Amino acid sequence: GALLATGILNTGVRTEADAAMALLAEYVDNKSVSLKTSAIVGLGLAYAGSVREDLQALLLPLVADDSLSMEIASLAALSLGFIYVGSGDGEISSTILQTLMERDSKQLDEKWARYMALGLALLYVGHQDATDAIVSALQAIEHEPISNQAQVLVDMCAYAGTGNVLKVQQLLHLCDEHYNNTQKEEEKEEKKEGEEKEEEKKSWTRGCY
């Protein structure tokens, strides 16, 4: 909590003392997961929008290291998204994409994978012209749920605040599609339950005779 609070207190603060970096950087390699993740997120908050190369050098290896948990890698990606928001940085985006492609399905099923996708999306805030290549790359990810989530997040961030009617319609269509799929599943489940009850009734009737 103290490490996270340090990051929040120093959000947008730019001084020669660089207090957040001095206090949090040493905890990035800590063995304690809670201290490590708090320091990572704290740095992301403290230096949001700063595009600091030294922070990229500190955090990017955590994203690429497949020996680390999905939690640590994803939060590092999210912090880089904060720090490099709207920059369209190629090295960070390619590393995140590579990590999403290389991680196994069990890891991508974890809730933390969503933060990695969000970290990627934040890089492209306001970059409508760059989304096609990123979306195409995301379509190559075999894990369909995280692939779809990442594509939607990239589109959302790229077109945030633009009022683009076509994108709004596209997102509304996705909302409706999700609702229809849920409705169909519920109807299918009800139909199945009705058939099972009917079969039980027939079995009971045959038993009576």
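In this text the structure is predicted, and so the values were computed from the model without any measurement.

1. Regarding the nonpolar core
- Core analysis: the largest hydrophobic core is formed by 49 residues, its most contacted members being I40, Y47, I96, L100, M116, L120 and L138.
- If you list the elements that add at least two residues to this core, you get α2 (19-24), α3 (33-46), α4 (53-64), α5 (70-83), α6 (90-102), α8 (113-122), α9 (131-139) and α10 (144-158).
- When residues in this core are grouped by element, the largest group, nine residues, is from α5.
- Ignoring anything within four residues of it in the chain, the contact list for L138 reads L97, L100, L120, S147, A150, Q151 and V154.

2. Some points on α8
- Within α8, seven of the 10 residues are buried, which leaves it mostly tucked inside the rest of the structure.
- Within α8 the residues assigned to the buried category are A113, M116, A117, G119, L120, A121 and L122.

3. Here's the deal with the environment of L123
- You can see L123 is positioned in the loop between α8 and α9.
- Remark: the alpha-carbon pair of L123 and G90, spanning 33 residues in sequence, is separated by 9.2 Å.

4. Comments concerning the side chain of Q151
- Examined against the element boundaries, Q151 turns out to sit in helix α10.
- Engagement of the side chain of Q151 in a polar contact is seen with the side chain of S147, the distance being 3.0 Å.
- Apart from residues no more than four positions distant in its own chain, Q151 is found in contact with V135, L138 and Q139.

5. Some words on the confidence of the model for the protein chain
- Scored by pLDDT, the protein chain comes out at a mean of 85, with 85% of its residues at no less than 70.
- By mean pLDDT, helix α11 (residues 165-208) is the weakest element of the protein chain at 68, and α5 is the strongest at 94.

6. Focus on the pattern of salt bridges
- Within the structure shown, the criterion is met by three salt bridges.
- Two residues, D18 and R52, come together in a salt bridge whose shortest N-O distance is 2.9 Å. Here the residue D18 occupies a position in the loop between α1 (2-9) and α2, and R52 occupies one in the loop between α3 and α4, the gap between them amounting to 34 residues.
- The shortest N-O distance in the salt bridge between R52 and D54 comes to 2.7 Å.
- Classification of D54 by relative accessible area gives partly exposed; the value is 35%.
- One salt-bridge network, in which partners are shared between bridges, spans D18, R52 and D54.

7. Things to note about α9
- Listed as buried for α9 are T131, I134, V135 and L138. Angularly, the buried residues of α9 cover 100° about the axis, an arc narrow enough to put them on a single face. Exposed side of α9, more than 90 degrees from the buried face: D132 and A133 are the residues found there.
- Buried positions along α9 lie against α6, α8 and α10.

8. Notes on the packing of aromatic side chains
- The full count for this structure, using the stated rule, is one aromatic pair.
- Where W112 meets Y115, the ring centres are 5.7 Å apart and the plane angle is 35°; that geometry is what we call tilted.
- Looking at R52, its charged tip hangs above the ring of Y47, at a distance of 4.7 Å from the centre.

What counts as what
Residues numbered from 1 in each chain as written. Predicted model: local features only at pLDDT ≥ 70, side-chain atom pairs only at ≥ 80, totals over all residues. Heavy atoms only, no water. Core = buried A, V, L, I, M, F, W, Y, C linked by side-chain atoms within 4.5 Å. Buried < 20%, exposed > 50% of the residue type's maximum accessible area, 1.4 Å probe, protein only. Helix = DSSP H or I, 4+ residues; strand = E, 2+ residues; numbered from the N terminus. Contact = heavy atoms within 4.5 Å. Polar contact = N/O pair within 3.5 Å; in protein donor to acceptor, adjacent residues only side chain to side chain. pLDDT = per-residue confidence, 0-100. Salt bridge = Lys/Arg side-chain N within 4 Å of Asp/Glu carboxyl O. Arc of directions from axis to C-beta. Phe/Tyr/Trp six-rings, centres within 6.5 Å; stacked < 30°, edge-to-face > 60°. Lys NZ or Arg CZ within 6 Å of the ring centre and 35° of its normal.

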